[in-house]
Amino acid sequence: MKFKFMAAIVVALGLSAVAHADQKVAEYGDPVLGNSYGGCTFTQVYSTGGGYYLYQEYSIACTSGTYVVGVYTNYSNGWNNRTCTFYPGSPAYYANGSCSNWNVYLKP
């Protein structure tokens, strides 16, 4: 009985996660598609840097809407160990991934 109860909870949580999954709207750096996922066009609208950092801002025009994402890249640990932090232009979406391949998702 305990097993069936636990299984029901796991299934319910799994279905809940699927039902509330965030919608991917754009992808930067896809190995096959490049930046064209979802018919999107990426335009770099701002860039600055110095020392061990680079900040770039992109305007992303997709069929689903237009999004702005800032990408802060820290190179202080070398090129292979660089880290990126993403700054979305609205609380309605977010970006995550690696410095060379990241996605933009709409929040539910």
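Notes on the structure in this doc start here. Not measured: the values here are computed from a predicted model. The written sequence of each chain sets the order in which its residues are numbered from 1. Predicted model: local features are reported for residues with pLDDT of at least 70 only, side-chain atom pairs are reported and counted for 80 or more only, and whole-chain, interface and lining totals are derived from all residues. No hydrogens and no water enter the side-chain calculation; it runs on all heavy atoms of the structure.

## A short note on the state of the cysteines
Move 1: Defined by distance alone, a disulfide is two cysteine sulfur atoms within 2.5 Å. Going through the model one piece at a time under the given rule, you end up with two disulfides.
Move 2: One disulfide in the model links Cys-40 with Cys-62; its S-S distance is 2.0 Å. Negative torsions about the S-S bond denote left-handed disulfides, and the value of about 110° found for Cys-40 with Cys-62 makes this one right-handed. Placement of Cys-40 in the loop between β1 (23-28) and β2 (41-50) and of Cys-62 in strand β3 (residues 53-62) is noted, with a sequence separation of 22 residues between them.
Move 3: In the chain, the bonded cysteines, numbered by position in the sequence, are linked as 1-2, 3-4. Labels follow the DSSP assignment, with helices taken as runs of H or I lasting at least four residues and strands as runs of E lasting at least two, numbered in each case from the N terminus.

## Re the pairing of strand β6 (residues 93-97)
Move 1: Two elements, β6 and strand β7 (residues 102-106), share five bridges in a ladder whose sense is antiparallel. Within β7, the position partnered with Ala-95 by the bridge is Val-104.
Move 2: Linking β6 to β7, which pair antiparallel, is a turn of four residues. A pair of strands is treated as paired once DSSP finds two or more bridges between them.

## A short note on the packing of aromatic side chains
Move 1: Stacked, edge-to-face and tilted are the three classes for Phe, Tyr and Trp ring pairs, Trp counted by its six-membered ring, which pair at centre distances within 6.5 Å; planes under 30 degrees apart are stacked, over 60 edge-to-face, the rest tilted. Scanning all chains against the criterion turns up twelve aromatic pairs.
Move 2: Centroid distance Tyr-67 to Tyr-93: 5.0 Å. Interplanar angle 80°. Geometry classified as edge-to-face. In this pair, Tyr-67 sits in strand β4 (residues 65-74) while Tyr-93 sits in strand β6, placing the two residues 26 residues apart along the sequence.
Move 3: The buried label applies to any residue whose accessible area, calculated with a 1.4 Å probe on protein chains only, is under 20% of its type's maximum; exposed applies above 50%, and partly exposed to all values in between. Tyr-67 gets classed as buried once you look at its relative accessible area, which sits at 4%.
Move 4: Assessed through its relative accessible area of 7%, Tyr-93 is described here as buried.
Move 5: Linked through ring pairs, Tyr-28, Phe-42, Tyr-58, Phe-86 and Trp-102 together constitute an aromatic cluster.
Move 6: Across the ring face of Tyr-37, the terminal group of Lys-24 is positioned such that the distance to the ring centre comes to 4.2 Å.
Move 7: In our convention, an over-ring charge means Lys NZ or Arg CZ found within 6 Å of a ring centre and within 35 degrees of that ring's normal. One Lys or Arg, Arg-82, reaches over the ring of Trp-79 and ends 4.0 Å from the middle of that ring.

## Section: the sheet that holds β1
Move 1: What the three strands build is an open sheet, ordered β1-β7-β6; its pairing is antiparallel. Two strands bound the open sheet, and with one partner strand each, they are β1 and β6. Taking the axes of each pair of neighbouring strands and ignoring which way they run, one obtains an average angle of 25° across the sheet. Under this scheme, a helix contributes an axis fitted over its contacting stretch, all axes are lines through C-alpha atoms, and angles between N-to-C directions fall in the 0 to 180 degree range.

Read these as geometric descriptors, not functional statements.
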